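A closer look at the structure
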Amino acid sequence: MRNDKYLQFPLCALALDIEARSLMQLVMSYGMIEAGRSVIADMEAEEREEKCEEFDLDAAMSDSFELCAHLGAQVCGMTVGSARNSVCRHSTIYNHAAKWDATHGPGPLVRIRTDECFEVRDGGQMSFREFRVLAAIFSAIGSKSIPVVIPQRMIAARYIGCKSEAVKAAALKARHKFPAELTPKQLRGTVEKLHELKWFARVTPDPHGRVTYFSHRMSEDDMRDRIFVKRTYSPAFKADRQKKNAALAIRIKEANGTFNSSDEKMAPSGHREGDDAAPSGQQEGQQEGHREGTFNINPLNRNPLNRNSENINPLDKNPLKYGALASPVVVDQKNGETVATPHEPTPALWVTWWNTVQPAGNGIPVAPWRSCSSQHAAFHKWDSELTEF
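Heads up: these notes are all about the structure in this document. As the structure is a computational prediction, the values presented were derived from the model and not from experiment.

Remarks on the sheet that holds strand E5 (residues 213-215)
Whether parallel or antiparallel, the strands of a sheet pair through hydrogen bonds between backbone atoms. Ordered by their spatial adjacency, three strands build an open sheet running E3-E5-E4, and the pairing between neighbours is antiparallel. The strands lining the two open edges of the sheet, one partner per strand, are strand E3 (148-149) and strand E4 (201-203). Sheet topology note: the E4/E5 ladder contains three bridges and is antiparallel. Paired with Arg202 across the bridge in E5 is Phe214.

Focus: the nonpolar core
Membership of the largest hydrophobic core comes to 67 residues, with the highest contact counts inside it found for Phe9, Phe131, Val133, Ile137 and Ile155. The element best represented in this core is helix H1 (residues 20-40), accounting for ten residues. Ignoring sequence-local partners within four residues, the contact set of Phe131 consists of Phe9, Leu14, Met24, Ile112, Cys117, Val120 and Met126. If you look at the next biggest cluster of nonpolar residues, it comprises six residues, including Ala201, Tyr213, Met218 and Ile227.

Some thoughts on H1
For H1, with 21 residues, the first-to-last C-alpha span of 30 Å sits near the 30 Å given by 1.5 Å per residue. Backbone nitrogen of Arg21 and a side-chain oxygen of the N-cap are separated by 3.0 Å at the start of H1; the cap is Glu19.

Regarding the pattern of salt bridges
Within this structure, the stated rule accounts for 16 salt bridges. Ionic pairing is found between Lys177 and Asp17, a salt bridge with its closest N-O pair at 3.8 Å. Taken together, the residues span a long stretch of sequence, with Lys177 in the loop between helix H8 (165-173) and helix H9 (184-196) and Asp17 in the loop between strand E1 (6-10) and H1 at a distance of 160 residues. For Asp17, a relative accessible area of 38% gives the class partly exposed. Here Glu220 ties to Arg224 by a salt bridge, and the two come within 3.4 Å at their closest N and O atoms. Of this pair, Glu220 and Arg224 both sit in helix H10 (residues 220-260), four residues apart, which is roughly one turn of the helix. The exposure class of Glu220 is partly exposed, given its relative accessible area of 24%. Relative accessible area serves as the criterion here: at 42%, Arg224 is assigned to the partly exposed category. In this structure, a network of salt bridges that share partners links the residues Arg21, Arg121 and Asp122.

With respect to the packing of aromatic side chains
Within this structure, the stated rule accounts for five aromatic pairs. With centroids separated by 6.2 Å and ring planes inclined at 20°, the aromatic side chains of Phe9 and Phe131 adopt a geometry described as stacked. Note that Phe9 is positioned in strand E1 and Phe131 in helix H6 (residues 128-141), a separation of 122 residues in sequence. Each member of the pair, Phe9 together with Phe131, is buried. Each residue in the set Phe9, Phe128 and Phe131 is aromatic and connected to the rest through ring pairs, giving one cluster. A cation sits over an aromatic face here: Arg111 above Tyr6, 4.0 Å from the ring centre.

Calculation rules
Residues numbered from 1 in each chain as written. Predicted model: local features only at pLDDT ≥ 70, side-chain atom pairs only at ≥ 80, totals over all residues. Heavy atoms only, no water. Pairing = 2+ DSSP bridges. Helix = DSSP H or I, 4+ residues; strand = E, 2+ residues; numbered from the N terminus. Core = buried A, V, L, I, M, F, W, Y, C linked by side-chain atoms within 4.5 Å. Buried < 20%, exposed > 50% of the residue type's maximum accessible area, 1.4 Å probe, protein only. Contact = heavy atoms within 4.5 Å. Expected span 1.5 Å × (residues − 1). Polar contact = N/O pair within 3.5 Å; in protein donor to acceptor, adjacent residues only side chain to side chain. Salt bridge = Lys/Arg side-chain N within 4 Å of Asp/Glu carboxyl O. Phe/Tyr/Trp six-rings, centres within 6.5 Å; stacked < 30°, edge-to-face > 60°. Lys NZ or Arg CZ within 6 Å of the ring centre and 35° of its normal.

Rendered as structure tokens:
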């Protein structure tokens, strides 16, 4: 036998409560015949018949498990004692696995060296307990070439053929009879011994941590390098991204500062850029002689606030007669003093006063009483003198 020969069997086979040698016989026969089934699937009919003649089998057995047993023995480095007995043992695990998977879902496979299976069966250096623990760990690693986290509770469940604690609980509820379990101390000791014998590499990155990585394809140094990259990649990626974003923000700020500090072009002398040639002493948007927000209208085209105001005699300015409205107290914008405003004139009265005291052509503001609060004092003086007269 060569050490590079392997057998593969379902993990649920370990859930069978039978003695160690019998279980190893079942496992070895199953793995051997399954390997032969993979070989025969790629063979033509004539080639199968030739193989039957080679193994002294009837030509009608070209598609039989007996032929698979002989072909699988060559692949796994084994010798067939009785092909019929091998087929019976294969059927035991095959039927058990089919029923188990139908109840608990597809389970993992265990791939282990053929010579170790013989050693366990024949009572060699590896004990049956160690074989079960090793099978549990290998079933969790599978074919992965990267470190795999395997909690101890998972190893404990797979030790008796269950892929998870949930499957174990469901099987116990269904009154399935499992083989004897290990205590936590026995399990830790067995894992430690297999690790010392270098059946797998094991790394626990955190001191006194519960996260342990396993691998049967990588050395422990390679595992540590891989775990370091895995643990630090995300923070390093985020830090690098933030650094690059900060550099980009600085570049944008510097570029914008360069644009804004360039000489202003086409701006009229004495004006800010964007004033669009506003008259001297005024802000953009103001008309001559008025604050921003007021504009001129023609008295003849004005829209009075009251339709009846156009029929009022402008010289009759009795506020009680024409319903003058009380106005709020306002502040004179020139000196900041509060000016009492006892009433609001009608539009016609305001227009009459405006045309009397203002130069021709200046226009009359819309909503005059509130827009031109600076004119309230002058209006009241004119209004009181005219009323006394």
